[in-house]
Amino acid sequence: MKCVLLAASALAAPIGLQSAPSSAPATVPAGTSSPVSLPPPAASQLAAPPSSSRARARPSSPSAAELRVRAANRRAVREPVAQAFVNAVQVYPFNPGVLYRLIAAPERVADIALQPGERIISVAAGDTSRWTVGDTTSGAGDTKRVHILVKPFAPGLSTNLIITTDRRAYHLQLESKARTAMAAVSWTYAEDELVAIRRQETATEAAKPAAIGLAIEKLNFGYAITGDDPAWRPLRAFDDGRQTFIQFPSGIAVGEAPPLFVIGEQGDTQLVNYRMSGRFYVVDRLFSAAELRLGGTKQSIVRISRTGDDRPGRGRAS
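Residues numbered from 1 in each chain as written. Predicted model: local features only at pLDDT ≥ 70, side-chain atom pairs only at ≥ 80, totals over all residues. Heavy atoms only, no water.

Some remarks on the packing of aromatic side chains
Taken as a whole, this structure holds 12 aromatic pairs when the rule is applied. Judged by centre distance (5.3 Å) and plane angle (65°), the ring pair of Phe94 and Tyr170 falls under edge-to-face. Of this pair, Phe94 sits in the loop between β3 (89-93) and β4 (99-104) while Tyr170 sits in strand β10 (residues 169-176); the two residues are 76 residues apart in sequence, bridging distant segments of the chain. Note on Tyr170: relative accessible area 0%, which makes it buried. Ring geometry for Tyr100 versus Trp187: centroids 5.5 Å apart, planes at 80°, classification edge-to-face. Placement of the pair is Tyr100 in strand β4 and Trp187 in strand β11 (residues 184-188), with a sequence separation of 87 residues. Per residue, the accessibility class of Tyr100 equals that of Trp187, and both read buried. (Phe/Tyr/Trp six-rings, centres within 6.5 Å; stacked < 30°, edge-to-face > 60°. Helix = DSSP H or I, 4+ residues; strand = E, 2+ residues; numbered from the N terminus. Buried < 20%, exposed > 50% of the residue type's maximum accessible area, 1.4 Å probe, protein only.)

Re the side chain of Glu118
Along the chain, Glu118 falls in the loop between β5 (110-113) and β6 (120-125). Among the polar contacts listed, one links the side chain of Glu118 to the backbone nitrogen of Gln115, at a separation of 2.9 Å. Reaching out from Glu118, the side chain makes a polar contact with the side chain of Tyr170 at a distance of 2.8 Å. The contact partners of Glu118, leaving out residues within four places of it in the chain, are Val146, Thr165, Asp166, Arg167, Arg168, Tyr170 and Tyr189. (Polar contact = N/O pair within 3.5 Å; in protein donor to acceptor, adjacent residues only side chain to side chain. Contact = heavy atoms within 4.5 Å.)

Observations concerning the pattern of salt bridges
This structure, assessed with the given rule, holds 10 salt bridges. When the shortest N-O distance is used, the salt bridge between Arg101 and Glu175 registers 2.8 Å. With Arg101 in strand β4 and Glu175 in strand β10, this pair connects stretches of sequence that are 74 residues apart. Residue Asp166 is joined to Arg119 by a salt bridge in which the shortest nitrogen-to-oxygen separation is 3.5 Å. Here Asp166, found in the loop between β9 (158-165) and β10, pairs with Arg119, found in the loop between β5 and β6; they are 47 residues apart in sequence, far enough to count as distant. Since its relative accessible area comes to 36%, Asp166 is described here as partly exposed. When salt bridges with common partners are traced through the structure, they connect Glu79, Arg101, Glu175 and Lys177 into a single cluster. (Salt bridge = Lys/Arg side-chain N within 4 Å of Asp/Glu carboxyl O.)

Observations concerning the nonpolar core
By size, the foremost hydrophobic cluster in this structure holds 23 residues, and its most contacted members are Leu102, Ile112, Leu172 and Trp187. Elements supplying a minimum of two residues to this core: β4, β5, β8 (145-152), β9, β10 and β11. Contacts of Leu172, omitting those with residues within four sequence positions, involve Tyr100, Leu102, Ile112, Thr159, Asn160, Leu161, Ile163, Val185 and Trp187. (Core = buried A, V, L, I, M, F, W, Y, C linked by side-chain atoms within 4.5 Å.)

Quick look at the confidence of the model for the chain
Looking at the chain, the pLDDT average stands at 80 and 71% of residues meet or exceed 70. Confidence drops under pLDDT 50 across residues 1-28; counting only partners more than four residues distant or on other chains, this segment forms 11 contacts. (pLDDT = per-residue confidence, 0-100.)

Quick look at the side chain of Thr159
Inspection of the secondary structure puts Thr159 in strand β9. For Thr159, the side chain forms a polar contact with the main-chain nitrogen of Gly126, separated by 3.4 Å. Within the structure, Thr159 has its side chain in polar contact with the backbone nitrogen of Asp127 (distance 3.0 Å). Residues contacting Thr159, with those up to four places away along its chain left out, are Gly126, Asp127, Trp131, Leu172, Gln173 and Leu174.

What to know about the sheet that holds strand β1 (residues 77-78)
The 5 strands are arranged β1-β4-β10-β9-β6 in an open sheet whose pairing can be described as mixed. Each edge of the sheet is formed by a strand with only one pairing partner; in this case those strands are β1 and β6. By the bridge criterion, 6 bridges tie β4 to β10 in an arrangement that is parallel. Across the sheet, Leu102 pairs through a bridge with Leu174, a residue of β10. (Pairing = 2+ DSSP bridges.)

Notes on the environment of Thr188
Inspection of the secondary structure puts Thr188 in strand β11. Through-space distance from the C-alpha of Thr188 to that of Asn95 is 9.4 Å; in sequence the pair is 93 residues apart.

So, the sheet that holds strand β19 (residues 289-294)
Strand order in the open sheet formed by 5 strands is β12-β20-β19-β15-β16, and the pairing between neighbours is antiparallel. Strands with a single pairing partner mark the edges of an open sheet, and in this sheet they are β12 (223-227) and β16 (269-271). Here the strands of the sheet are splayed against their neighbours by 30° on average, with no regard to which way each runs. Across 5 bridges, β12 lies against strand β20 (residues 300-306) in antiparallel orientation. (Axes fitted to C-alpha atoms, helices over the stretch in contact; angles between N-to-C directions.)

Section: the pairing of β3
Inspection of the sheet shows strand β2 (residues 85-86) paired to β3 by 2 bridges, in the antiparallel sense. Considered in β3, the bridge of Phe85 is made with Gln90. Two successive antiparallel strands, β2 and β3, enclose a turn made up of 2 residues, where Asn87 displays a positive phi of approximately 55°. In the sheet, β3 pairs with β11 via 5 bridges, with the strands oriented parallel. If you follow Tyr92 over to β11, its bridge partner there is Trp187.

Structural notes on a nonpolar patch on the surface
Taken together, the side chains of Ile120, Val123 and Val133 present a nonpolar region at the surface, about 180 Å² in accessible area. Mapped onto the elements, Val133 comes out in strand β7 (residues 131-138). (Patch = residues over 30% accessible without salt bridge, like charges linked within 9 Å, V, L, I, M, F, W, Y side chains within 5 Å. Areas by Shrake-Rupley, 256 points an atom, 1.4 Å probe, with all protein chains shown as cover.)

Next comes the structure, spelled out in structure tokens:
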């Protein structure tokens, strides 16, 4: 009886809604009618859904500005070189705007040593979650030196580090490797070395005699120096009968030089022609009294007075 009902139901169904024959026998619970077949999906519904790769926008090509930035950065990078190592320290020549390479490794601390006497203002790293950055000092007084210490948490990392001080700004490119690490980096400073050379030349020039051909027996040292005691206070004054020489301490070469005023017979001040030769003022005349003055509201005044004729081999005459 069950089979007859199934056959009759199938014949009663419209032809267009009949489903395709199936190899497996259909099973219908007792007391229910046959399921109705649905129409086939439209062609548009059969299209495959867009893949994630197609849905995701393709990255655009780098702009001309980006390419210029990349090229400039590549040119600015200074890599470690074998001849620049002093023991395990890579010594870079400092130049503004250069990107200095530092290679680090996990469980290794790399030392960035600044110039002695240089004071740190700030340190900024691009990645502070995977890189540890700290600082310490060595030495004391004029030899006190700041050290920036960096350590990565894993290999394969890269970031940048900017250090600003009271003298300059450093830009470093940090990379982490699995086993290779630089112990330390430091710099040489061409400008400071040039200043040191010039100071040495000045000191050498200052040690030369103020004039060539001066006969000692003709020099008169009968001058008294009185007044204030600034750092530039002259050591002595003397003349050769035609010119007057005023000798200063060595610090006059790097400090401010005081102007010279000759005191007239009426106590008035007069400007006088003189020039500086090393540590000496060479005055193109003799005088009885003169003053060196320097300063603003609180002026330092040193007086130079001729006391008589005090040439070697003679007694002092007033």
